[in-house]
Amino acid sequence: MKKTVILGALTVAGLSATAAAAGTLDDVKTRGKLNCGVSTGLVGFAAPDANGEWKGFDVAVCRAVAAAVLGDPTAVEFIPTTTKTRFTALASGELDMLARNTTWTFSRDVDLKFTFVGVNYYDGQGFMVPKSLGVSSAKELDGATVCIQTGTTTELNLADFFRANNISYEPVPIETNAEGQQQYLAGACDTYTTDASGLASTRATFETPGDHVLLPEIISKEPLGPLVRHGDDEWADVVRWTMNALMTAEELDVTSANVTEMAANTGNPEVARLLGTEGTLGEMLGLDADWAMRAIAAGGNYGEVFAKNIGEETPIGLARGLNGQWTDGGLIYSPPFR
Ligand SMILES: N[C@@H](CCC(=O)N[C@@H](CS)C(=O)NCC(=O)O)C(=O)O
C-alpha cells in the first residue's frame, strides 16, 4: 500500500501533526531497514560505542522491532534527534518510530497526534547538583541557574515546581545532553535537571561522579516509551506487541539463552503462543510465527535489556524499582498473549 502523508494544521509550536496512512510496516519491509529515531547520545539509553555501534536500552527496542519485522536486529538506521527535532522527524515520515526517552503526555498524543505504544521506563524528573553547592533539597534552589533542555516536559515541570514553591530560577537553555553536561561541569548552571534516569546516565560519565548528588525530590511523572504516528494502527501494533513480547518473556522466564529450547519444549501454552509454536499471533500482526522469538533473541527479554544497559551492575546503576515486573510489585505488566 502506498503511504500518503497528509499535513495537518500547524500547532503554535510548529510541531505539526501529520498523519501517515497505513503502510509503515510495508514500507519497512520493502526498504529492508527500520528508520529508528534515537537521542543524540545518552549512555545506557542510546549512544554509539567505541566501534560506532549504537547501544542502549532504547536502542534495544529498535533492534527488537527490526528483528521481529526484518529478521535482522542490525537492519536499523539510527537517526539521532534532539528534544527539539524529534517530533518533526517522526511526523514528517523521516522516522518509522521514535525510541528516545520521550514522555507520554496528553498533548503529545492528542495535539501532536502520536501513539505511544507503551512505557518502557517509568521515570520522574530530578535535580543534580555539585556536592560543593551544599544543597540538600530542590526547595533550597531559590535564585539558582538551571541547565534545561528545550522542548521538553522538563522545562514545563521546572516552571510549575518553582512557582508552586514560590521560588525563582534562571534558565540556561541547552539543546543536547552533551551540551548540558558540559555547561553544568563548567559551572554555567548550579543544577542540571532532567529525567532522573538521564541524570544517572550523565553522572556516570563524569570523571568524579561522587562529587555530584541527585537531590531527593522527584517532581513529575515521566512515563517514557516508544511512539509512532497516529493513523497507522497496524504499525503501532507491531511496535507495541514487540515491546510486550520482551516484557512477557521476562515474566515467563524466556531469555535470549533459552528461547530456542523453550520454543521446542515448553509445556506452558502462553510461552507456546508467544514463541509461535501454537496459534497464529504472528500472522495476525502481518509477520511470521517466529517474530517474537527473534525479538527476544536479539537483545534478551525486558529484564536482560534493563540489566545489560542501565541496571545495577552497570555504571548507570539503576534499580528496577517501578520498572520491576508486576509480579515483583513493579509496573511492568504486559497484556496477555492470546
Ligand atoms: N522525557 C522528557 C525529557 C527528554 C530529555 O530531555 N532527555 C534528555 C536528557 S535525559 C536527552 O534526551 N538527552 C539526549 C540528547 O540530548 O540527545 C521529554 O520527553 O521531554
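Residues numbered from 1 in each chain as written. Predicted model: local features only at pLDDT ≥ 70, side-chain atom pairs only at ≥ 80, totals over all residues. Heavy atoms only, no water.

Chemist: Describe the sheet that holds strand 14 (residues 212–214), naming the residues involved and giving the relevant values.
Modeler: Pairing is mixed in the open sheet, where five strands are placed in the order 12-11-13-10-14. Two strands close off the open sheet at either side, each with one partner strand: strand 12 (169–174) and strand 14. Each adjacent strand pair in this sheet contributes to an overall mean axis angle of 30°, direction not counted. Pairing of strand 10 (residues 125–130) with strand 14, which is carried by three bridges, proceeds in the antiparallel orientation. Looking at strand 14, one finds that Val 129 is bridged to Val 213. Relative to strand 13 (residues 191–195), helix 7 (residues 196–204) is tilted by about 125°, and along the sheet it contacts strand 10, strand 13 and strand 14. (Pairing = 2+ DSSP bridges. Helix = DSSP H or I, 4+ residues; strand = E, 2+ residues; numbered from the N terminus. Axes fitted to C-alpha atoms, helices over the stretch in contact; angles between N-to-C directions. Contact = heavy atoms within 4.5 Å.)

Chemist: Pulling in residues and values, what's your account of the pattern of salt bridges?
Modeler: Under the counting rule described, the total for this entry stands at eight salt bridges. Each of Asp 49, Glu 53 and Lys 55 takes part in one network of salt bridges that share partners. (Salt bridge = Lys/Arg side-chain N within 4 Å of Asp/Glu carboxyl O.)

Chemist: Help me get a handle on unusual backbone geometry, residues and values and all.
Modeler: The general pattern is negative phi for most residues beyond glycine and trans for most peptide bonds. Even without being a glycine, Asn 166 presents a positive backbone phi close to 55°. With respect to the helices and strands, the residue Asn 166 is situated in the loop between helix 5 (153–164) and strand 12. Phi at Asp 253 is positive, roughly 60°, even though this residue is not glycine. Along the polypeptide, Asp 253 turns up in the loop between helix 8 (233–251) and helix 9 (259–265). The exposure class of Asp 253 is exposed, given its relative accessible area of 55%. (Buried < 20%, exposed > 50% of the residue type's maximum accessible area, 1.4 Å probe, protein only.)

Chemist: Describe the packing of aromatic side chains, with residues and values.
Modeler: As enumerated under the stated definition, the model contains 18 aromatic pairs in all. Ring geometry for Tyr 121 versus Phe 306: centroids 6.1 Å apart, planes at 10°, classification stacked. Highlighted residues: Tyr 121 in strand 9 (residues 121–123) and Phe 306 in helix 13 (residues 302–309), separated in sequence by 185 residues. When its relative accessible area of 5% is taken as the criterion, Tyr 121 is described as buried. The exposure class of Phe 306 is buried, given its relative accessible area of 2%. Pairwise contacts between aromatic rings join Phe 45, Phe 57, Tyr 121, Tyr 302 and Phe 306 into one cluster. It is Arg 320 that lies over the ring of Phe 306; its NZ or CZ is 5.1 Å from the centre. (Phe/Tyr/Trp six-rings, centres within 6.5 Å; stacked < 30°, edge-to-face > 60°. Lys NZ or Arg CZ within 6 Å of the ring centre and 35° of its normal.)

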